Amino acid sequence: MKKRILIINTGGTLSSVDSGQGLSPGLSSREILEEIRMVSKELELETEDFCSLDSANIFPDDWAALAERIGQACRDYEGIVLIHGTDTLAYTASMLSFMLQNVPVPVVLTGSQLSISHPVADAMENCRCAIHMAASGCAGVFAAFNRKVMLGCRTTKVRSMSFDAFESTNYPNVAEISALGLHIHRELLPKKKGVFRVQPGYSDRVFLLKLYPGIDPGILEVLRKQGYKGVYIEGFGLGGMPFVKRDFASAVREAVEEGMTVLAGSQCPYEGSNLSVYETGLLALKGGVLQGFDMTAEAAVAKLMWVLGQTGKPDEIRDYFQIDLVREVDIP
Ligand code: ASP
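What you see is a predicted model, and the numbers here were worked out from it, not measured in a lab.

Undergrad: I would appreciate a short explanation of the pairing of strand β15 (residues 261-266) in the present structure.
TA: The side chains of a regular strand alternate, first on one face of the sheet and then on the other. Of all six residues that make up β15, six are buried, and the element is covered over most of its length. In β15, alternate side chains face the same way, and those of Thr 261, Leu 263 and Gly 265 on one face and Val 262, Ala 264 and Ser 266 on the other are all buried. The sheet contact formed by strand β14 (residues 230-235) and β15 spans six bridges and is parallel. When the sheet's bridge partners are listed, Ile 233 is paired in β15 with Ala 264. Regarding the hand of the β-α-β motif, the stretch spanning β14, helix α6 (residues 248-257) and β15 is right-handed. Of the pairings in the sheet, the one linking β15 to strand β16 (residues 290-291) comprises two bridges and is parallel in character. Bridge assignment links Ala 264 to a residue of β16, and that residue is Gln 291.

Shown next, in the form of structure tokens:
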């Protein structure tokens with residue numbers, strides 16, 4: 001029996017047409033399928049349209065609805081491909097990794113830098129890679145792009161135009177296409193840790209703050225007054241925060257005392273944070289910040305949103321950041 005793969009379309013460049021007012025998503029999943037069918041004759045492909053949006057317009061409620069739909073679909077299909085704009089694909093891939101923990105089938109996000117109707121597009125290649133990963137039987141949430149497959153929660157968009165637009169940050173690619181075909185490194189796949197159930201809860205009262213020299217610590221109070229419950233701070237280097245001329249570290253402590261969850265990571269994309277090395281980190285740690293370690297910013301924001309959607313209790317929130325849920329973080 002042929003394996004059944006469901007392709008869910010959300011839009012992005014892969015399905016785009018020139019509307020006369022700039023590129024915008026336009027092709028339906030049926031039209032996309034016409035192009036793809038030729039390359040996957042041994043599989044039974046079905047498509048459905050979830051939405052047709054530039055991914056700048058994908059919002060957290062779309063993540064929750066997608067998670068619910070995928071949760072149903074994985075009873076009927078051996079694998080799922082999600083066509084998505086590349087700009088926010090890493091956020092969606094990260095959030096779906098948390099919402100769909102222990103998913104029993106492969107869920108593979110892909111997109112392209114050129115529309116599938118363009119004669120020299122990367123779209124077909126990316127779809128082919130995503131479809132074959134979806135048919136691999138390797139469960140988990142992944143992103144396929146430019147002949148490589150990455151864990152969804154480690155994916156970052158690093159180039160705005162080249163075909164090699166994504167990389168797997170602080171974690172190796174889980175599969176590559178080469179003369180060996182699709183070669184999957186099984187030891188790198190996420191481990192099943194429990195029963196699967198869709199966990200679509202999230203809080204959108206989360207802020208992403210990048211430090212820069214001279215930043216006014218008062219911003220944390222502004223956020224609190226605006227009702228934000230969590231902030232992910234990208235600190236300097238290993239995660240340091242200033243405390244001499246303007247005392248950001250004390251502002252962080254006060255924010256934590258007021259009930260805000262403060263997660264701190266690094267502005268450096270590689271190798272992650274460790275706040276226990278410098279005084280600039282230790283002060284913040286003593287003030288109660290949680291550590292992001294080597295998570296991508298996308299995974300850190302998604303994890304913070306997701307965790308705050310599961311619990312409001314400070315101890316439980318802290319526990320979630322002391323464990324690796326889906327291989328999103330390497331805790332030293
Ligand atoms: N702006 C597009 C999007 O994210 C870019 C792409 O798909 O490559 O929807």
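From this point, the narrative continues.
Undergrad: Mind showing me how you'd approach the packing of aromatic side chains here?
TA: Here a ring pair, both rings aromatic, is described through the centre-centre distance and the interplanar angle of the planes. By the definition in use, this model includes four aromatic pairs. A ring pair is formed by Phe 207 and Tyr 228, whose centres lie 5.4 Å apart and whose planes are at 80°; its orientation type is edge-to-face. Note that Phe 207 is positioned in strand β13 (residues 206-210) and Tyr 228 in the loop between α5 (219-225) and β14, a separation of 21 residues in sequence. Aromatic pair Trp 306 and Tyr 320: ring centres 5.5 Å apart, planes at 85°, arrangement edge-to-face. Of this pair, Trp 306 sits in helix α8 (residues 297-310) while Tyr 320 sits in helix α9 (residues 314-320), and the two are 14 residues apart along the sequence.

Undergrad: Teacher, can you tell me more about the site of the ligand here?
TA: In the vicinity of the ligand, the contacting residues are Gly 12, Thr 13, Asp 54, Ser 55, Gly 85, Thr 86, Asp 87, Ser 112 and Gln 113. Within the contact set of the ligand, an oxygen atom lies 2.5 Å away from a side-chain nitrogen or oxygen of Ser 55. Within the side chain of Asp 87, a nitrogen or oxygen atom sits 2.8 Å from a nitrogen atom of the ligand. Starting from 270 Å² of accessible surface for the ligand in isolation, the protein chains cover 89%. Looking at the shell around the ligand residue by residue, the class counts come to no nonpolar, seven polar and two charged.

Undergrad: For this particular structure, what's the right way to read the pattern of salt bridges?
TA: Counting across every chain of the model gives 13 salt bridges. One continuous salt-bridge network, built from bridges that share partners, spans Arg 4, Glu 44 and Glu 46.

Undergrad: Sorry if this is basic, but what is going on with the packing of helix α2 (residues 60-73) against helix α3 (residues 89-99) here?
TA: Helix packing geometry: the angle between the two helix axes and the distance between the axes. Between α2 and α3, whose axes approach to 10 Å, the crossing angle comes to 55°. Classified by the angle their axes make, α2 and α3 are oblique. Crossing hand, α2 versus α3: right-handed. Judged by residue contacts, Trp 63, Ala 64, Leu 66, Ala 67 and Ile 70 of α2 engage Tyr 91, Thr 92, Met 95, Leu 96 and Met 99 from α3. For the contact of α2 with α3, the residue count by class is nine nonpolar, one polar and no charged.

Undergrad: Got a minute to help me understand the sheet that holds strand β5 (residues 79-83) in this structure?
TA: Ordered in space as β4-β1-β5-β6-β7-β8-β11-β12, the eight strands form an open sheet in which the pairing is mixed. Edge strands, defined here as strands with exactly one partner in the open sheet, are β4 (43-49) and β12 (181-184). Along the sheet, successive strands turn relative to each other by an average axial angle of 25°, direction set aside. Bridging between strand β11 (residues 175-178) and β12 involves four bridges; their strand directions are antiparallel. Opposite Ile 177, over in β12, you have Leu 182 as the bridge partner. Against the sheet, α2 engages β1 (3-9), β4, β5 and β6 (106-110), with an angle of about 165° to β1.

Rules behind the numbers
- Residues numbered from 1 in each chain as written.
- Predicted model: local features only at pLDDT ≥ 70, side-chain atom pairs only at ≥ 80, totals over all residues.
- Heavy atoms only, no water.
- Buried < 20%, exposed > 50% of the residue type's maximum accessible area, 1.4 Å probe, protein only.
- Helix = DSSP H or I, 4+ residues; strand = E, 2+ residues; numbered from the N terminus.
- Pairing = 2+ DSSP bridges.
- Right-handed = clockwise from strand over helix to strand, strands pointing away.
- Phe/Tyr/Trp six-rings, centres within 6.5 Å; stacked < 30°, edge-to-face > 60°.
- Near = heavy atom within 4 Å.
- Polar contact = N/O pair within 3.5 Å; in protein donor to acceptor, adjacent residues only side chain to side chain.
- Areas by Shrake-Rupley, 256 points an atom, 1.4 Å probe, with all protein chains shown as cover.
- Nonpolar A, V, L, I, M, F, W, Y, C, P; charged D, E, K, R; others polar.
- Salt bridge = Lys/Arg side-chain N within 4 Å of Asp/Glu carboxyl O.
- Axes fitted to C-alpha atoms, helices over the stretch in contact; angles between N-to-C directions.
- Parallel < 35°, antiparallel > 145°, perpendicular 65-115°, else oblique.
- Left-handed = near helix turned anticlockwise from the far one by under 90°.
- Contact = heavy atoms within 4.5 Å.

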